[in-house]
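Letter by letter, the chains look like this.
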Amino acid sequence: MQEFFAEYKAYIVFLHVISAVVWVGGMIAMRYAAHPSFMQIESPAHRMERVAHALKGLFTIVVPFVVILLVTAVIMIKGYGLSQTEFSALGHAKEGIWAFMAVNLFVMILRRNRAVRLLNEGNMVGAKFSLELIGKYMVPLNIALGVIAIFLGATLSSSL
Ligand code: HEM
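Definitions and limits used
Residues numbered from 1 in each chain as written. Predicted model: local features only at pLDDT ≥ 70, side-chain atom pairs only at ≥ 80, totals over all residues. Helix = DSSP H or I, 4+ residues; strand = E, 2+ residues; numbered from the N terminus. Buried ≥ 20, exposed ≤ 12 C-beta atoms within 10 Å, placed from the backbone. Contact = placed C-beta atoms within 7 Å. Near = placed C-beta within 6 Å. Nonpolar A, V, L, I, M, F, W, Y, C, P; charged D, E, K, R; others polar. Bend = angle between axes of the 7 residues up to and from the residue. Core = buried A, V, L, I, M, F, W, Y, C linked by C-beta atoms within 7 Å. pLDDT = per-residue confidence, 0-100.

## Concerning the overall build of the chain
- Assigned secondary structure in the chain consists of four helices and zero strands.
- Element order for the chain, N to C, with α for helix and β for strand: α-α-α-α.
- Principal axes of the C-alpha set define a box for the chain whose edges measure 55 × 25 × 20 Å.
- Burial status across the chain gives 21% buried among its 160 residues.
- The long-range share in the chain, meaning contacts at least 24 apart out of those at least 6 apart in sequence, stands at 79%.

## A word on the site of the ligand
- The immediate surroundings of the ligand are formed by 26 residues, with A73, W98, A149, G153 and S157 found nearest.
- Elements with a contribution of two residues or more to the shell around the ligand: helix 1 (2–38), helix 2 (44–80), helix 3 (88–120) and helix 4 (124–159).
- The element that contributes the greatest number of residues to the shell around the ligand is helix 4, accounting for seven residues.
- When its residues are assigned to classes, the shell around the ligand shows 19 nonpolar, five polar and two charged.

## Here we look at helix 1
- The sharpest bend along helix 1 reaches about 80° and sits at Y8.
- Along helix 1, the positions that sit buried rather than exposed are H16, S19, A20, W23, V24, M27 and M30.
- Packing partners of the buried residues in helix 1 comprise helix 2 and helix 4.

## Quick word on the nonpolar core
- Among the nonpolar cores identified, the biggest contains 23 residues, and W23, M27, M48 and L131 are the most heavily contacted of them.
- Listing elements by their share of this core, those giving two or more residues are helix 1, helix 2, helix 3 and helix 4.
- A total of eight residues in this core trace back to one element, the largest contributor, which is helix 2.
- Not counting chain neighbours up to four residues away, the residues in contact with M27 comprise V139, N142 and I143.

## Let's talk about the environment of A34
- Looking at the element boundaries, A34 is found in helix 1.
- C-alpha of A34 to C-alpha of F87: the two residues are 53 residues apart in sequence and 38 Å apart in space.
- Contact partners of A34, with chain neighbours within four places excluded, come to A29 and A54.

## Re the confidence of the model for the chain
- Looking at the chain, pLDDT values average 97 and 100% of them are 70 or higher.
- When pLDDT is averaged over each helix and strand of the chain, the minimum, 96, is found for helix 1 and the maximum, 98, for helix 3.

Below you can see the structure in the form of structure tokens.
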């Protein structure tokens, strides 16, 4: 694995970074550019439909990058022999953040699907509750964790 990493390091780091850009950048664009615009739609049903539709697009785009992020992380852990270095704690912290973000994303996908089902059944209150949780807490939490992971990445990058 170390030889493989040495040969393809630039590609592996590139894939790792672009995955973080798409995942974290996608959430920021959705939450702070698209979402306020959706809120201008007057009809609550139409507004929630649009939000749910846009979230489906976001989740479809980010899921492959979440997987690439992990695969490249594993390659770097082995390639740098990260567990044997003084920076192993930083590596473990990033693993924990990735796992938390991935679980949070999975729960968001389930919540969005639930909101769509409730919308189709005409349960506006239930749908609003599910979508609000995603927009108010779950996406901002993942953005914050992503920014911390990027900072830890920059720290690792300048130390390894
Ligand atoms: C799954 C556990 C993770 C591990 C073990 C890990 C490990 C690393 C390592 C070793 C580097 C340094 C690469 C180099 O410069 O050669 C790095 C950089 C980076 N990581 Fe991660 N990472 C993980 C998760 C994440 C997550 C969740 C994000 C963001 C969502 C992220 C974003 C970045 C970024 C943007 C860089 C580049 C920083 C720079 O070059 O200044 N990483 N990561």
